[in-house]
Amino acid sequence: MARTPLTDFTGAEITPGKLVVYATRRGNRVRQTEAVVVETKTNRKAGRVVPELKVLPTGRESGISARKTLVPRTIGAEHVVVIGDAEGQA
């Protein structure tokens, strides 16, 4: 059986090397963060398969204070939107 491709809510396929935007928290605020997808994963939680992404933030995000570290993060793929290819990024 073929695997269904992982897509965002617009239908764009999420693959390694894509540039995405997702919401993050900093203190009591929420900001939008741009990142490059490094790897797509799945995790079984409570008997369900939950899609996850390993991403590398690019350093571009909303808000007035800059991100301190650009370490890879694992995030849920549920509220991510693809904005393009990561050529020339990170």
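For the structure itself, look to the data block above.
Residues numbered from 1 in each chain as written. Predicted model: local features only at pLDDT ≥ 70, side-chain atom pairs only at ≥ 80, totals over all residues. Heavy atoms only, no water.

## Some words on the side chain of Thr33
Secondary-structure assignment places Thr33 in strand β2 (residues 29-45). If we ignore the near neighbours within four places in the chain, the residues touching Thr33 are Val20, Val21, Tyr22, Thr24, Pro57, Arg60, Glu61 and Arg67. (Helix = DSSP H or I, 4+ residues; strand = E, 2+ residues; numbered from the N terminus. Contact = heavy atoms within 4.5 Å.)

## Notes on the nonpolar core
Within the largest apolar cluster, eleven residues are counted, these being Ile14, Val20, Tyr22, Ala35, Val37, Leu53, Val55, Ile75, Ala77, Val80 and Val82. Elements that contribute at least two residues to this core include exactly β1 (18-26), β2 and β3 (48-61). Apart from the residues lying within four places of it in its own chain, the contact partners of Val82 are Asp8, Ala12, Glu13, Ile14, Lys18, Leu19 and Val20. (Core = buried A, V, L, I, M, F, W, Y, C linked by side-chain atoms within 4.5 Å. Buried < 20%, exposed > 50% of the residue type's maximum accessible area, 1.4 Å probe, protein only.)

## A few points about the sheet that holds strand β5 (residues 81-85)
Taking strand neighbours across the sheet as the criterion, the five strands line up as β4-β3-β2-β1-β5 in an open arrangement whose pairing is antiparallel. Each edge of the open sheet carries a strand with a single partner, namely β4 (73-76) and β5. On average, each strand axis in the sheet is inclined to that of its neighbour by 50°, with strand direction left out of account. Two strands pair when backbone bridges link them, and β3 and β4 are joined in this way by four bridges, in the antiparallel orientation. The residue bridging Glu52 from the neighbouring strand is Gly76, located in β4. (Pairing = 2+ DSSP bridges. Axes fitted to C-alpha atoms, helices over the stretch in contact; angles between N-to-C directions.)

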